[in-house]
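# Notes for the structure review
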Amino acid sequence: MTHLDKPGRLRDSLRLVTLAGCLAMVFVAAVGSPMATDYFQKLGFTEVEFGIMGGIPMIMVGMQFLGALWSNHLRSRRAAFMALIIAGRVLWLGVVLAPLLPLSVSWRTTLILTLMALSSLLQNLGPPIWFSWMGDLIPRRIISRYWGRRMRWMYVVWLVTYGPLVLFGFRYEAWGFSLAQAFSLVVALGVIAGVVDIVLFLWVWEPEPVVARSRPVLETILEPWRQHEFRSYMEWNCAYSASVMLGAAFMLLYVIKVLELPLWQVMIMWWVPGIGSAATSDLWGRLIDRHGSRPILVLCTALKPLAPLMFFVITRETAFWGLGLFFVVDSALNMGAQLATNGFMLRMAPRENRGMFVAAIASLPGIAGGLAAIAGGYLLKLWEGHNIELLGRVWDNYQYLFLLSTVLRALCIPLALRIKEPASAEPLDVLAAIIEDWPSRLVSFPTYLFRRLTGKGAAAPGPARKP
């Protein structure tokens, strides 16, 4: 059955997938907000445990290889995907209930990290199954455009959800809640939204999958590495993920613990990235469909060293406004890299073994990033107390780590230039297109959003797409 056989079913299914993604953002906001970092710090988590907490989800993506092998032999992917993700999300209720048990700090911390690891394990078995399904569902000619529009609405929901979350994080004590009660309530609501998200897939059309022919497991696993273009991408992605997570895993902890910013300010700072993501996702999707993934990855890699450099130089007095404004631009770069990765993955992967290509992209860079996050925790411990006074400032262990991350990110630029993708444009051509299109898109985004929410028009923001 082709996409043209059931256009109405395809349209309705894509809308449901978008709606499900929007509900997923509620779950992500609930379990990943600055309130969570404050909560775990109050429970006694140290830098080492924060490094492990940041590294576990990245390492657990190795489970995607098992998910991919399983996906290759499923005649229906719906039930397996739904069971895995729902179970993984419900385990977060155990994370917030664990502190109620009469345990010592060390045992309580171990239990929480174990529950997080199990949750991450289950949720990482699902993506190869899901992407295999989505790769069959979404027409290849519109993959990046659809993904960009879906991500736009997901981040609109992020912005709308995070507003009340910021208010709650600022006022929960005045409303009679403790931090533990407030965070538990937020997680419970997030889990409900996350479960409803997955239930919607009961009504998403599943084209009949291609069941992989019988062949050795090792041959199936190694197929992505035998494709020259894919291998060049993986070399960049593993190095890039490690360089990013070395510092990124501790940025939130830094502004809470070292800069000692009020929680409500931190929550606003972690809210504004949704603006950059929502405003630019559709633009990135169109650029990737038109020019390819490689030039987008090169441009984003070239600019990403600015993020840890900002954390290296920022002070308590300038953090709120400086980082708040910078995060809008940085989140736009993150969105470009994410959509370029999705487009590259779904276009370059053969249908029969698509799940294994998904697993390779998610797992090996994830493992590299997870190990880097854990190493970052130990480096912070090693450098603790070795402060240097220079240029009228005292530089500490966190700033050493951010500077190291900056250097390592810059070293990834040559690897990005080596990525092979047939018929892709040059980065400078894409940069010219961005300069032409981006300013008008940012200006027109609020009007576009108002029209979509009020039903008074649905014309895409920014100038019309050129032929």
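Per chain, the residues get numbers from 1 upward, laid out in the order the sequence is written. Restriction of local features to residues with pLDDT of at least 70 applies here, the model being predicted, together with a cutoff of 80 or more for giving and counting side-chain atom pairs; totals for whole chains, interfaces and linings are based on all residues. Hydrogens and water are ignored here; the side-chain numbers use all heavy atoms of the structure.

### Here's the deal with the packing of helix H5 (residues 78-97) against helix H6 (residues 105-137)
In plain terms, the rule: A fitted line through C-alpha atoms represents every axis, and for helices the fit uses only the stretch in contact; the resulting angles, taken between N-to-C directions, go from 0 to 180 degrees. A run of H or I in DSSP becomes a helix once it reaches four residues, and a run of E becomes a strand once it reaches two; helices and strands are each numbered from the N terminus. Here the word oblique covers every angle except those under 35 degrees (roughly parallel), over 145 (roughly antiparallel) and from 65 to 115 (roughly perpendicular). The crossing is said to be left-handed when, going from far helix to near helix, the turn is anticlockwise and less than a right angle, and right-handed when the turn is clockwise. We call two residues contacting when some pair of their heavy atoms lies within 4.5 Å.
At a minimum axis separation of 8 Å, H5 and H6 run at an interaxial angle of 160 degrees. Put simply, H5 runs roughly antiparallel to H6. Pair H5 / H6 crosses with left-handed handedness. Residues Arg 78, Ala 80, Phe 81, Leu 84, Ile 85, Ala 87, Gly 88, Arg 89, Leu 91, Trp 92, Gly 94 and Val 95 of H5 form the contact with H6, whose own contacting residues are Ile 112, Leu 115, Met 116, Leu 118, Ser 119, Leu 122, Gln 123, Leu 125, Gly 126, Ile 129, Trp 130 and Trp 133.

### Thoughts on the packing of helix H2 (residues 34-42) against helix H11 (residues 251-258)
Our working rule: Gly is put with the polar residues, along with every residue not named as nonpolar or charged; the nonpolar set is Ala, Val, Leu, Ile, Met, Phe, Trp, Tyr, Cys and Pro, and the charged set is Asp, Glu, Lys and Arg.
Running from amino to carboxyl end, H2 crosses H11 at an angle of 60 degrees, the nearest separation of the two axes being 10 Å. Considering how the two elements wind past one another, H2 and H11 form a crossing that is right-handed. Residues Pro 34, Thr 37, Asp 38 and Gln 41 of H2 lie in contact with H11, whose contacting residues are Leu 252, Leu 253, Ile 256 and Lys 257. Looking at the contact of H2 with H11, its residues break down into 4 nonpolar, 2 polar and 2 charged.

### A look at the pattern of salt bridges
Rule in force here: Salt bridges are counted wherever a side-chain nitrogen of Lys or Arg sits within 4 Å of a carboxyl oxygen of Asp or Glu. Note on classification: 1.4 Å probe, protein chains only; a residue is buried when its accessible area is under 20% of the maximum for its type, exposed when over 50%, partly exposed between these limits.
Applying the stated rule across the entire model yields 9 salt bridges. For Glu 206, the salt bridge identified is with Arg 77, shortest N-O distance 3.1 Å. Of this pair, Glu 206 sits in the loop between helix H8 (179-199) and helix H9 (217-226) while Arg 77 is found in the loop between helix H4 (64-71) and H5, placing the two residues 129 residues apart along the sequence. Overall, the relative accessible area of 1% leaves Arg 77 in the buried class. When salt bridges with common partners are traced through the structure, they connect Arg 77, Asp 136 and Glu 206 into a single cluster.

### Regarding the packing of aromatic side chains
To keep things clear, this is the line we draw: Think of it this way: a Phe, Tyr or Trp ring, Trp meaning its six-membered ring, pairs with another when their centres are within 6.5 Å, and the plane angle makes it stacked under 30 degrees, edge-to-face over 60, tilted otherwise. Each ring is checked for a lysine NZ or an arginine CZ that lies within 6 Å of its centre and within 35 degrees of its normal; such an atom marks a charge sitting over the ring.
Overall, the coordinates contain 34 aromatic pairs when judged by the stated rule. An angle of 80 degrees between the planes, with centres 6.4 Å apart, marks the rings of Trp 130 and Phe 201 as edge-to-face. Of this pair, Trp 130 sits in helix H6 while Phe 201 sits in the loop between H8 and H9, and the two are 71 residues apart along the sequence. Following the ring pairs from residue to residue traces out a cluster consisting of Phe 81, Trp 130, Phe 131, Trp 133, Tyr 146, Trp 147 and Phe 201. Sitting above the plane of the Phe 27 ring, Arg 89 keeps its charged end 4.9 Å from the centroid. The positively charged end of Arg 150 is found above the aromatic ring belonging to Trp 147, 5.6 Å away from the centroid.

### Regarding a nonpolar patch on the surface
The test is simple: The residues that make up patches have over 30% relative accessible area and no salt bridge, and they are joined within 9 Å when like-charged or within 5 Å when they are Val, Leu, Ile, Met, Phe, Trp or Tyr. All accessible areas in this document rest on Shrake-Rupley with a 1.4 Å probe, and a residue is counted as covered only by the protein chains that are shown.
The grouping of Leu 303, Leu 306, Leu 309, Val 313, Leu 403, Leu 404, Val 407, Leu 408 and Leu 411 at the surface amounts to a nonpolar patch, some 690 Å² of accessible area in total. Looking at the nonpolar patch, the elements with two or more residues in it are helix H15 (306-313) and helix H18 (397-410). Here the nonpolar patch gets 4 residues from one element, more than from any other, and that element is H18. Its location among the elements puts Leu 411 in the loop between H18 and helix H19 (413-417).

### Some details on unusual backbone geometry
Even without being glycine, Glu 260 reaches a positive phi, approximately 55 degrees. Mapped onto the elements of the fold, Glu 260 is located in the loop between H11 and helix H12 (263-269).

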